[in-house]
Each structure stands twice: as structure tokens, then as C-alpha cells.
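# Structural overview
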2 protein chains.
Amino acid sequence: MPELPPYWLRDNCPCAECRDPRTGQKLFQINDLPEDLAVAAQAEIEGNLEVLWSDGHRSRYPLAWLGAEDEGDGRTEAHKRLWVAADFRRGLPEAEWEAYVGDPAEQAAVLSAVRRSGFAVLRGVPAVEGQVRAVAETFGYVRTTNYGELFDVRVEPDPNNLAFTSVAIAPHTDNPYRDPVPTLQLLHCLENSATGGDSGLVDGFKAAAILREEAPDDFAVLTRTLVPFVFRDRCTELRADRPLIDVDALGRIREVRFNNRSISTLRGSSDALAAFYAAYRRFAAITLRPELQLTFRLDRGDCLIFDNTRLLHARTAFQQDGHRHLQGCYADLDSLASTLAVLHRRTAALDAVAELFAGEGAGEYLGEAVTMAEHMLQAAAAAEAADAPPHLIAAALLHDVGHFQGALHGRDLMQGQDNRHSDTGAHWLAQWFGPEVTEPVRLHVAAKRYLCTVEPGYRARLSEASEYTLKVQGGPMDEQQAAAFAELPGAADAVTVRRWDEQAKTAGAPTPDFEHYRPLLASLMK
Amino acid sequence: MPELPPYWLRDNCPCAECRDPRTGQKLFQINDLPEDLAVAAQAEIEGNLEVLWSDGHRSRYPLAWLGAEDEGDGRTEAHKRLWVAADFRRGLPEAEWEAYVGDPAEQAAVLSAVRRSGFAVLRGVPAVEGQVRAVAETFGYVRTTNYGELFDVRVEPDPNNLAFTSVAIAPHTDNPYRDPVPTLQLLHCLENSATGGDSGLVDGFKAAAILREEAPDDFAVLTRTLVPFVFRDRCTELRADRPLIDVDALGRIREVRFNNRSISTLRGSSDALAAFYAAYRRFAAITLRPELQLTFRLDRGDCLIFDNTRLLHARTAFQQDGHRHLQGCYADLDSLASTLAVLHRRTAALDAVAELFAGEGAGEYLGEAVTMAEHMLQAAAAAEAADAPPHLIAAALLHDVGHFQGALHGRDLMQGQDNRHSDTGAHWLAQWFGPEVTEPVRLHVAAKRYLCTVEPGYRARLSEASEYTLKVQGGPMDEQQAAAFAELPGAADAVTVRRWDEQAKTAGAPTPDFEHYRPLLASLMK
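Throughout, a residue's number is its position along its own chain's written sequence, starting from 1. Chains carry letters and ligands carry numbers; both start at the beginning, A for chains and 1 for ligands, and go up in the order they are written. Under the rules for a predicted model, residues below a pLDDT of 70 receive no local features and side-chain atom pairs below 80 are neither given nor counted, while totals for whole chains, interfaces and linings still include all residues. Side-chain figures throughout are based on the complete set of non-hydrogen atoms in the structure, without hydrogens or water.

This brings us to the sheet that holds strand β8 (residues 184–192) of chain A. Residue and element names in this part refer to chain A. By definition, two strands form a pair when at least two bridges between them are found by DSSP. Only DSSP runs of H or I covering at least 4 residues are called helices, and only runs of E covering at least 2 are called strands; the numbering of each starts at the N terminus. Spatially, β4-β5-β15-β8-β17-β6 is the arrangement adopted by the 6 strands of the open sheet, whose pairing is mixed. Each having just a single partner strand, β4 (94–96) and β6 (151–153) make up the two edges of the open sheet. Between one strand axis and the next, the sheet turns through 25° on average, direction left out of account. Sheet topology places β8 next to strand β15 (residues 303–307); 5 bridges connect them, and they run antiparallel. For helices, the fitted axis covers only the stretch in contact; all axes are lines through C-alpha atoms, and the angles between them, taken along N-to-C directions, range from 0 to 180 degrees.

The next point concerns the interface of chain B and chain A. Whether two residues are in contact is decided by their heavy atoms, any of which lying within 4.5 Å being enough. Across the contact, 97 residues belong to chain B and 97 residues belong to chain A. Note on terms: buried area is the combined drop in 1.4 Å-probe accessible area of two parts once they are placed together, counting the loss on both. Around 8500 Å² of area is buried between chain B and chain A when both sides are counted, 45% of it from carbon and sulfur atoms. Contact with chain A buries surface across chain B, with B:R232, B:R234 and B:R281 losing the most and accounting together for 11% of the total. Salt bridges are defined by distance alone: a side-chain nitrogen of Lys or Arg within 4 Å of a carboxyl oxygen of Asp or Glu. Along the contact surface separating chain B from chain A lie 12 salt bridges.

A word on the pattern of salt bridges. Residue and element names in this part refer to chain B. One pass over the full model with this rule turns up 72 salt bridges over all chains. Between E214 and R289 there is a salt bridge, and its shortest N-O distance comes to 2.8 Å. Taken together, the residues E214 in helix α6 (residues 204–214) and R289 in the loop between α8 (270–287) and β14 (294–296) connect sequence positions 75 residues apart. Residue classification places R289 among the partly exposed positions, given a relative accessible area of 24%. In this structure, E502 engages K505 in a salt bridge whose closest nitrogen and oxygen atoms are separated by 3.3 Å. Using a 1.4 Å probe on the protein chains alone, a residue whose accessible area is under 20% of its type maximum counts as buried, one over 50% counts as exposed, and one in between counts as partly exposed.

Residue and element names in this part refer to chain B. For strand β11 (residues 236–242), the tally of buried residues reaches 5 of 7 residues, placing the bulk of the element in the interior. Both strand β10 (residues 227–233) and β11 contribute to a ladder of 7 bridges, which runs antiparallel. Residue pairing for β11: D233 is matched across the bridge by T236. Connecting the antiparallel pair β10 and β11 is a turn made up of 2 residues.

For the rest of this paragraph, the subject is the domain arrangement of chain A. Along its sequence, chain A is carved into domain 1 (6–66), domain 2 (77–339) and domain 3 (359–524). The C-alpha centroid of domain 3 of chain A is placed 34 Å from the C-alpha centroid of domain 1 of chain A. Reported domain spans reflect what an automatic or database domain assignment gives.

Time to look at the relation of the copies chain B and chain A. Here chain B sits on chain A after a turn of 180° about the axis and a move of 0.0 Å along it, with an RMSD of 0.2 Å. The two molecules are tied by a two-fold rotation axis, judged by turn and shift. When you check the interface residues of chain B against chain A, 100% turn up at the interface there too, and the contact is symmetric in its surfaces. Only residues with pLDDT of at least 70 in both copies count here: their C-alpha atoms drive the least-squares fit that superposes the copies.

Okay, structure coming up:
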């Protein structure tokens, strides 16, 4: 074990005192830690590094976490697939709208393409006004600008921007005069019956990487020259001074701004101005290389989503022999990445639950004649047979997940999960499911104690093992307890689940397998 | 004249062929310029540099523009007033809501304070839910986040953030895990009857500047260490890797992110981690120095607006002996700066018009017995006497502004104004006023030709000078011209203005002065 900096180690303590179990937010400030903080003692125990601190605090770090690699926020060239047009010879990253909204895997593929390649196209999006807002809201929030919440790209009688004419527009990024610049753009085609008006995309990160390769000095000039981007009309006067190519502290390309229309007067020495214009012209020439131009046509119902910090977009001129009408809006990459991460997390969670059913689930169920997995699948099957709503089928299926050791260890420890104080799976499930699922799970043990009190004959029907655990759990409720229980949110659902729970102990009864329930669980995770 | 880089000079050509007269957007791409562009000939003529280019294009640059200084986008420390708490001993930058919404100067002062000092407080904002959105929309757009379009800061039963509890919160910036981070925050107090719960602000730029002064190496470490900020709950998984102190290409402080709650695991060599934590703790200690803590209380109806890329905000713990309810939202600095620039531009425009009335306006009015200023003020007074709506009073006041040479020169040349092809002031006025003002001005000459055709006896009542100019202007319209004129937007208003125009030639008639009309003009500029 190499020497670990004490403040770093302590700042990462995962215990519930240091981090909010739900959000992983830290509950202390860095200066709350004492001046002379040191490790008083440490030992590796059962896959963890256990630390006793000089101030008496104790921490436990999984060794796997200590050695973990970090993925970064995915926003620089390091996590992108830089491309040339030929890379899409076999087709664009695209999906049908119906599949996108219905299938989490399809949605994840589209959002992943935007993150990796900078764009994706949805086909068959209902060609009605305002629909582009609905597309944006599948992964984030519309960013309103001076062009409105939504904007219409079509020929206007009195345009305040060349976009609203029929002329060709060279590859550029939008709103460079804004800081923060809108990081995503959506363009939804409502009509495109004009001759011309094709769309073009260029990977600005690729173009910048080529510039760095061919002319590193020019690349350096563009990363360190603050260019004044300006837009003004009667109600607007925007200005942002930003480089054409922005790199992060490690020198990785992170953002490209490119829009000659909006570059105002750069000031500086003659030498600096000459160096900038030489580099700028060289970069511009690279963006115009035919091999970088990806050209395609948006037809009615297509919606293009692209990264406005990376891709340059363009359009060819069009004739006014037909109509061309795109409706667009801006949104942001951070929310898109969040939505994608949550989709991945949900898929991983379902995979993990599936593994638990297949692995630990094959183990004995508290002295009953069924395994844990059989028991929970039988409960779910009973719920399904009773035409129960999806959240109750899910609660029945998952009600004993707290018995699975695997659900309460390892992967989530560093997220601040308080696994020592949770005696059910409800807390674990709350990472993905709402209270309509978690509360019946949380209360299903109490529901037994409740039913034994309020329902004559219920206790007599308990299995031998269930009668045994009843005593361990505190026996039947008294009347006051029962009345209080009945008031809890989810109590009635817990009672319903409990009845299926009691029925689900038949050796050898056939049931659907876990995968049968995956779409239902996935839809409840939204 | 020093040697000017040709591409720089040409890229800044202000002619109407190179720049859209309305928006200043360039109408060419940088690579449209030839490879061997050079100045073929140049000369200084009447305050301009006239250039003949090797490709035959001609440009004219005001010498004053060539030597102009640049103000930058105002986002770095260079354009801020860094502060300590004692700087506000005499009071916070604040304004009454009624004055803010009613008086452009008051609004400009508030927005200017946010830009310069990082914050301002509005008092007497109606304490109703949703009002904070209206405050944001006085200068920009709400940025929606996972906390909603608006969010309520009060004690919640099941908080997903410490903000929604009653505990003290140390100075921090919000949403550091977002990129783009919301650059402005608004907090509107709907109720604050609890003991405690005071607000605190710290100038993060000042704290960073102190760190640079006292420990330059630590400052450098914080500008180059990419810190992973993370937030996750059931529906969210946000991450941004950004430095605690972000500097621009010139090394100027531009953004501070500070929030220990959200710092996830930083990875790196032991030395790098130790260096970061030492610098981070030193910076944190500076932010906690008492002299930097500005503490005040938000009461019902107060709305705090602050720069979330610069100011750290905090609150003291509060008892639940009363209620504390703030409603907040996020917005962005770029739109605020735009709104402020437009307010300044409007004020400058009104100042310029006032100067024109006082200066050139004292000159002869085309052979009439009144000066130009007297003539326009008399027309406005006639409109006012007729209880005309504000836009017609304005049109009457400004109808001959095109006669002022000063309105058509100098300051706006570099904004792409096409002053050579405009024979009225309508185009100039369109920078600030809508068509309800500009179109009657544009058509007031045509209206005379129209009236002479359609109204028997009208021509006979013209003054001698007006009869003379009628001929120069083309004489009465024929019937087809008159019918076409009547169809134009604003034609009826132009006719109305024309009648006041004809009346406004009485030597010595008393009128209000220009300042009397300033509030009316200011309200029409919105």
C-alpha cells in the first residue's frame, strides 16, 4: 500500500457520518478536519482498508475502490470517437422515435452516440410544432435564448440572422457569443420540399486534432487567443471572449467555437493579429476539407441532435421552389450525460438483481421448501395472476431482496449507502424505484404482524417458519401499533404483497423467470 | 500608421457587402478571402483610412475605430470590483422592485452591481410564489435543472440536498457538477420568521486573488487540477471535471467552483493529491476569514441575485420556531450582460438624440421660420395635445431625425449601418424602436405626396418651403401609387404624423423640451 495523502483519504471516507447516504454529498467541510490529521493505525481486513484516525474517526475503504481507475466526465477528446465522413458510410447513428421512447437500450444507444460521435438522428418523430421540446425533454431541459425557447429555421421576411434566409451557411457552431454557450442543439425537420437545403456536419475536434498534428504552433495560437464573439440586434447585445479551440488543464481539446459571422474586432499587436489570422485561416481550411464534410438530408420527421461544443453544422443553399422548415432548440450536455448514466445505472442494477436471483437466490429460504428466488418469483406470479398493477408486481418480486447479502455490499459502498443500518432491501431499491415500490417492501414484515392482529385466522395459516420469524420480529402488533401502521404510506399495498408472500412457498410451482419481469421493472425505474 | 495585418483589416471591413447592416454579422467566411490578399493602396481621408484591396474591394475604416481600446466581455477579475465585507458598511447594492421595473437607470444600476460586485438585492418584490421567475425574466431566461425550473429552499421531509434542511451551510457555489454551470442564482424570500437562517456571501474572486498573493504555487495547483464534482440521486447522475479556480488564456481569474459536498474522488499521484489538498485547505481557510464574510438577512419580499461563477453563498443554521422559505431559480450572466448593454445603448441613444436637438437642431429648418428642433418639438406637442398614443408622439418628435447629419455618422459605422443608402432616420431609429415608431417616420414624406392626391385642398395649405420640397420629392402620387401607399404598414399613422408636421412651423410657439419626452421614448424602446 503506497503512502496515501491523509486529507485525500479522509475526504473520501464513505461512512454515513461523512456522506449523506442518499446523495453521496459530503456532510463536512474540508476545513472541519484538524490541522494535524494523520492515520493512527491501519489494517487490511477482508478486502477493506480499515483506518483509525488521529482524531478518533474510523473509516473503511474497499481495496477495489482504492485502486479504481477514473473515467472522467467524458467531455474532452479523450472520450470521443473522432471521425471523418467515411466513418459513416454504412449509415448515421440513428433510431426510430418509437423505439427510442419505448426501449431504454435504444435511448441509451442514441445518447451514447451524441456523447461519443457528437450527434445522432431520430427518425419518425411526429412532425408537429413543439415536438422538438418533447425530444429535448427526454434527456434534459430546453435552454431559452434570444431566439426563443424554440426557434424556426425557415425563410423570414425580416431576418435577424442568416439562418433565417435561404443562403448556404458554412460549417459553424451556434451562439458563440454566449457564455455559457448552449452545448447541445436539436433541429427537427417539419418540412423539406425545397431543392437543396441539405445538412452538413464536421467534427470540430477532429479538425482541431488535425491542426495540432499539422501545425502545432497554429493550434497553440488558437487555444490561447481570446476571440470576441458578438451578436447584436435591437434587444440583444451579447459578447463572449473565448478561444476558437479550448483545451482543459491537461491540454485535451474540450470545446470548439467557430463562426466567422460573429467574430468582432480582435485587438492586439500586429504580430499577434497576423499569427492569429494565419492560424485561423489554416483551421478554417481544414474544416472545409471534403473528407471531413458529412452531408445528409433531413426529411420530415427527422430530428438531429448534436454537440454544439464540438460539431460544426452547415447547410447548402436552397431554392424557394418548396418549403423548408426546421424547428430547433438548445439544451445541454450535462443533463444528457446524466440521463445516459442513469440509464446505464438502471441496466446495471437490473443485471445485478438478475445475478442475485441466479446466484444467491438459489439458496435456502428460511427453512421453507423453496429457494429465495423461487419464493420471490412465485409471489410475483401471484401478483400477476391477480392483475395487480406493475408497482405491486415489482414489490412482490423484490420484497425479500434485503435477504441478499450481495445487494448490500461492494459496489455502492462508496456512494455512501448506509448498509449497516438497513435491515431491508427498501433502502437499496430506493436508488432506482419510487416509494410505490419501496414502501410495500419496507413494510412487508410489519404487515404480517399487522395482519395477525386485525384478521382473525390469519396467524393460524402461517407456515411454520413464518410463525417462528413472527416471534423474532416482535409478535403481533398491539392495537395502537396496528392503527399507526394502517396510516403509513404504502401500508395497504404492503398488506396485499404480504398475502402473496405467504402463498409463495409451493415447492416446484412453475413461474416465469426473472427476465420476464425486466421490462416491467425498467418502466418503473423512470 | 503601423503595418496592419491584411486579413485582420479585411475581416473588419464595415461595408454593407461584408456585414449585415442590422446585426453586424459578417457575410463572408474567412476562407472566402484570397490567398494573397494585400492592400493595393491606402490613404487617410477625412478621418477615415480608405483601402483599395488587391482583389478590387474597397474598405473605409474610421481612424478612431482603428485606435479604439477594447473592453472585453467583462467576465474576468479585470472588470470586477473585488470586495471584502467592510466595503458594504454603508449598505448593500439594492433597489426597490417598483423603481427597478419602472426606471431603466435603476435597472441598469442593479444589473451593473451584479456584474461588478457579483450581487444585488431587490427589496419589496411581491412575496408570491413564482415571482422569482418574473425577476429573472427582467434580464434573461430561467435555466431549468434537476431541481426544477424553480426550487423551494425550505425544510423538506425527504431532502435530496442539504439545502432543504435547517442545518448551516458553509460558503459554496451551486451546481458545480454541471457544465455549463448555471452562472446566476436568484433567491427570493417568501418568508423568514425562523430564528437564524441569515445569508452570507463571500467574493470568491477576492479569495482567489488573496491565495495568489499569499501562496502563488497553491493558486497554480488549483487552476490546473481538474476536480471531479458529482451529484447523484435516483434520477440524476451529474459530473463535471473542472478546476476550483479557472483562469482565462491571459491568466485572469474567470470562474470559481467551491463545494466540498460535491467533490468526488480525485485521482492522481500521491504527490499531486497531497499538493491539491494542501492548496484546497488553504483556499478554504481564506474563504472563511471573517473579513470576507458579508452577512445579512433576507426578509419577506427580498430577492438576492448573484453571480454563481464568483460568489460563494452560505446560510446560518435556523431553528424551526418559525418558517423560512426561499424560492429560487438559476439564470445566466450572458443575458444579464446583454440586457445591461442594451439599457446603456438606449440611454446613450437618448443622450445622443438630446445632443442633436440641442446642437444641430438649433439650425435652420428648410427655409421655415422655426429651427429643426422647434419644428419636431411642435409636432410632438401637437400629437400630445391630440391625446395620441405614445408611439405616435415619438414618431412626431423624431420624424425628421434623418435631417441630422450626426445621427448618421461615426459611432455606428462599425456596427455595419448602411448610412449611404438611407435617406431617412427610420433605419437609424430601428436600432432602438419597433416599426410602430419607425414606419410613420419612414413614410412621412410619402404621406405628403399621398395627401396632396387624395385630399382636396391639402396641397393649397402647404407652406412655401413644403410646396418646394414636394416637387423635389416627386410631386403628388398618381392614383396607383396612392392606393399602394395606403396598403403599407404604418401608412395611416404616417398620414396622422404628417398633419402634425405641417402644423409645426409656428415661430416662437412654446413647447416642452426634449427631456420631457425621454421617459416616453425609454418605454417605447423596450
